[in-house]
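Below are the chains, spelled out letter by letter.
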Amino acid sequence: MIHLSHAAIYELNRLKARHPNATGVRLAVKPGGCADLYYSLEFDQEITPTEYAYQYEGIQIAIAPDSLNHLKGTTIDYSEDLMGGGFRFHNPNATRSCDCGNSFAVTQLHEE
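Rules of the game
In this numbering scheme, every chain counts its residues from 1 along its sequence in written order. The predicted nature of this model means local features are confined to residues of pLDDT at least 70 and side-chain atom pairs, given and counted, to a pLDDT of 80 or more, with totals for whole chains, interfaces and linings taken over all residues. Note that the side-chain values use all heavy atoms of the structure and ignore hydrogens as well as water. A run of H or I in DSSP counts as a helix once it spans at least four residues, and a run of E counts as a strand once it spans at least two, with each numbered from the N terminus. For the radius of gyration, the atom set is restricted to C-alpha positions; the globular benchmark scales as 2.2 Å times the number of residues to the power 0.38. Think of it in three bands: with a 1.4 Å probe and only protein chains considered, a residue is buried below 20% of the maximum accessible area for its type, exposed above 50%, and partly exposed in between. The contact criterion used is simple: two residues touch if any of their non-hydrogen atoms lie within 4.5 Å. Note on areas: Shrake-Rupley with a 1.4 Å probe; residue coverage comes only from the protein chains shown. Asp and Glu are treated as the negative residues and Lys and Arg as the positive ones, with His and the ends of the chain left uncounted. Here the site of a charge means NZ on Lys, CZ on Arg, CG on Asp, or CD on Glu.

Things to note about the overall build of the chain
Helix and strand counts for the chain stand at two helices and nine strands. The secondary structure elements of the chain, listed N-terminal to C-terminal, are β-α-β-β-β-β-α-β-β-β-β. A compact globule built from 112 residues would reach a C-alpha radius of gyration of about 13 Å, and the chain, at 14 Å, matches this within 12%. With the C-alpha coordinates aligned to their principal axes, the bounding extent of the chain is approximately 40 × 40 × 20 Å. Taken across its 112 residues, the chain has 40% of its residues classed as buried. Across the chain, contacts joining residues at least 24 apart in sequence account for 53% of those joining residues at least 6 apart. As presented, the chain carries roughly 6,600 Å² of accessible surface, and 51% of it is formed by carbon and sulfur atoms. Averaged over its 8 positive side-chain charges, the chain has a centre that lies 3 Å from the centre of its 14 negative ones.

Structure representation (structure tokens):
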């Protein structure tokens, strides 16, 4: 299960207005970044039947099965600071993360 803070839900709904054709938001883990893996959060027009879909106050989050093990229990927050605003990922599966907060590493996968 993925959790969204009220601030993240508000910001995603605000951004969704700029993408009127979007069906939902795709959350994925991709190889790369400072610490081996990074988070990808993109609006998309199609959610495939093989993806896990979660509903949060008007926002549909889709996660591919290969990313789900890395994301179980993750809380997504949104906050602003002097450098601007951004989504923050609080991932209990991450064994280390870089200073940017969007890249992380895991030592083992947790099977469903």
